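# Chains, contacts and geometry: an overview
Chain by chain, the residues run as shown.
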Amino acid sequence: MTAFNRRDFIKSSALFTAPAFLPLGLSASPIIKKEDNQVAFIGDGKMYSPTESLELLLEIDAKKAIETDVYGKGGVVEELEKEFAKITGKEKAIYVPSGTMANQLAISVLSGNKSKVFLQDSSHVYRDEADAANLVFNKRLMPLGQGEAYFTSLELRKAIESLPENEVFDAGVGAVSIENPVRRNNGALYPVEEIRKISTYCKANNIKLHLDGARLYLASARTDISIKEYSFYFDTVYISLYKYLGAAGGAILCGDADVI
């Protein structure tokens, strides 16, 4: 995967306790004033107004001077990437501006010159990313589990094994993408037992596996399965930085060094 332009990304010594702001005025959840002691039951976590963001930046800088990240030379962005590589147990991680970009880049690189990508019918990649896989990367999305939050390993195997009799030309299965938890299904979890089976099947058949783990920390909290264990079953893992982690935007994509 080629390198990307990176903007300054702010973090304190405790990765998940201090917000990061990129860009400063972006908000994906309801604005909650810093002084309000509230519990938000909607949105993707607490977000701050531009004024409060500036105040928090000053607080962070007062505790530890914010160092500029210089492209190719490292800095706070590189620190963030290395931290998430450790968290996920992957060799490398890169910061990208959005989760959609992370998903699409991963699927494209994992698939190579093979066109088919199997995924959930209700997934963000299939329903909410403007057909980018097809229009930008020439991938053919193959939805499974219609009406459900997830598809089973048996469904995946049957779908792949039936391709020769259902299609004239073999364009190849490049990748499988799994979203967990599933936003369109009210945060339903993908059973880890099925993830393990799918991972085993994909490895045995040389099919790459991507995790859209935008809200993976919620899945980890609900199942007591670590981020590293979830990540183990996948070739690439995307985690959103603004969903419950306090950033104003951005995403991290993790995987092996020959992929990322």
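Notes on the structure in this doc start here. (Residues numbered from 1 in each chain as written. Predicted model: local features only at pLDDT ≥ 70, side-chain atom pairs only at ≥ 80, totals over all residues. Heavy atoms only, no water.)

### Overview of the overall build of the protein
- In terms of regular secondary structure, the protein is built from ten helices and seven strands.
- Residue burial in the protein is summarised as follows: out of 260 residues, 52% are buried.
- Counted over contacts in the protein with a minimum sequence separation of 6, partners at least 24 positions apart contribute 69%.
- Carbon and sulfur atoms make up 51% of the accessible area of the protein, which amounts to about 13100 Å² in all. (Helix = DSSP H or I, 4+ residues; strand = E, 2+ residues; numbered from the N terminus. Buried < 20%, exposed > 50% of the residue type's maximum accessible area, 1.4 Å probe, protein only. Contact = heavy atoms within 4.5 Å. Areas by Shrake-Rupley, 256 points an atom, 1.4 Å probe, with all protein chains shown as cover.)

### A look at the nonpolar core
- Ranked by internal contacts, the top residues of the largest apolar core, which has 43 residues, are Phe 84, Phe 118 and Leu 156.
- For this core, the leading source of residues is helix 2 (residues 76–88), giving six residues.
- When sequence neighbours within four positions are dropped, the list of residues in contact with Leu 156 reads Phe 118, Leu 144, Phe 151, Val 176, Ile 198, Tyr 201 and Cys 202.
- By size, the runner-up hydrophobic cluster in this structure holds 13 residues, among which are Val 96, Ala 175, Ala 214 and Val 259. (Core = buried A, V, L, I, M, F, W, Y, C linked by side-chain atoms within 4.5 Å.)

### Details of the sheet that holds strand 7 (residues 251–255)
- Ordered by their spatial adjacency, seven strands build an open sheet running 1-7-6-5-4-2-3, and the pairing between neighbours is mixed. Whereas interior strands pair on both sides, the edge strands pair on one side only; in this sheet they are strand 1 (92–96) and strand 3 (140–144). Each adjacent strand pair in this sheet contributes to an overall mean axis angle of 20°, direction not counted.
- As defined by bridge partners, strand 5 (residues 208–212) adjoins strand 6 (residues 236–240) across three bridges and the pair is classed as parallel. Bridge pairing in strand 6 places His 210 opposite Thr 236. (Pairing = 2+ DSSP bridges. Axes fitted to C-alpha atoms, helices over the stretch in contact; angles between N-to-C directions.)

### Observations concerning helix 6 (residues 153–161)
- Considered for burial, the residues of helix 6 that qualify are Ser 153, Leu 156, Ala 159 and Ile 160. Mapping the buried residues of helix 6 onto a view down its axis gives an arc of 130°, with all of them on the same face.
- Where the residues of helix 6 are buried, they touch strand 2 (116–120), strand 3, helix 7 (163–166), strand 4 (173–179) and helix 8 (192–204). (Arc of directions from axis to C-beta.)

### Topic: the pattern of salt bridges
- The final tally for this structure, using the stated rule, is nine salt bridges.
- With a shortest N-O distance of 3.1 Å, Lys 116 and Glu 167 are connected by a salt bridge. Here Lys 116 is found in strand 2, whereas its partner Glu 167 is found in the loop between helix 7 and strand 4, with 51 residues between them in sequence. You'll find Lys 116 and Glu 167 in the same group, each marked buried.
- Between Asp 128 and Arg 184 there is a salt bridge, and its shortest N-O distance comes to 3.0 Å. In this pair, Asp 128 is assigned in the loop between helix 4 (124–127) and helix 5 (132–135) and Arg 184 in the loop between strand 4 and helix 8, connecting sequence segments 56 residues apart.
- In this structure Arg 184 comes out as partly exposed when scored by relative accessible area, which is 46%. (Salt bridge = Lys/Arg side-chain N within 4 Å of Asp/Glu carboxyl O.)

### Section: the environment of Arg 196
- Along the polypeptide, Arg 196 turns up in helix 8.
- Using a relative accessible area of 32% as the deciding quantity, one classes Arg 196 as partly exposed.
- For Arg 196, the contacting residues outside a window of four places in its chain are Glu 229 and Tyr 233.
- Polar side-chain contacts of Arg 196 include one of 2.8 Å to the side chain of Tyr 233. (Polar contact = N/O pair within 3.5 Å; in protein donor to acceptor, adjacent residues only side chain to side chain.)

### Some points on the packing of helix 6 against helix 8
- Between helix 6 and helix 8, whose axes approach to 9 Å, the crossing angle comes to 30°. In terms of orientation, helix 6 and helix 8 fall into the roughly parallel class. For the pair helix 6 and helix 8, the contacting residues are Ser 153, Leu 156, Arg 157, Ile 160 and Glu 161 in the first and Glu 194, Lys 197, Ile 198, Tyr 201 and Cys 202 in the second.
- Residue classes in the contact of helix 6 with helix 8 are distributed as five nonpolar, one polar and four charged. (Parallel < 35°, antiparallel > 145°, perpendicular 65-115°, else oblique. Nonpolar A, V, L, I, M, F, W, Y, C, P; charged D, E, K, R; others polar.)

### Brief notes about the environment of Ile 239
- Mapping Ile 239 onto the fold places it in strand 6.
- Among the residues examined, Ile 239 registers a relative accessible area of 0% and is labelled buried.
- Sequence separation between Ile 239 and Ala 251 is twelve residues, and the spatial gap between their C-alpha atoms is 5.9 Å.
- Aside from chain neighbours lying at most four places away, what touches Ile 239 is Phe 84, Thr 88, Gly 213, Ala 214, Leu 216, Tyr 217, Ile 227, Leu 245, Ala 251 and Ile 252.

### Structural notes on the packing of aromatic side chains
- Applying the stated criterion to the full structure yields three aromatic pairs.
- Measuring from centroid to centroid gives 5.9 Å for Phe 151 and Tyr 190, while their planes differ by 85°, and the two rings are edge-to-face. Remark: Tyr 190 occurs in the loop between strand 4 and helix 8 and Phe 151 occurs in the loop between strand 3 and helix 6; sequence separation between them is 39 residues.
- On the accessibility criterion, Phe 151 (0% relative accessible area) is buried. (Phe/Tyr/Trp six-rings, centres within 6.5 Å; stacked < 30°, edge-to-face > 60°.)

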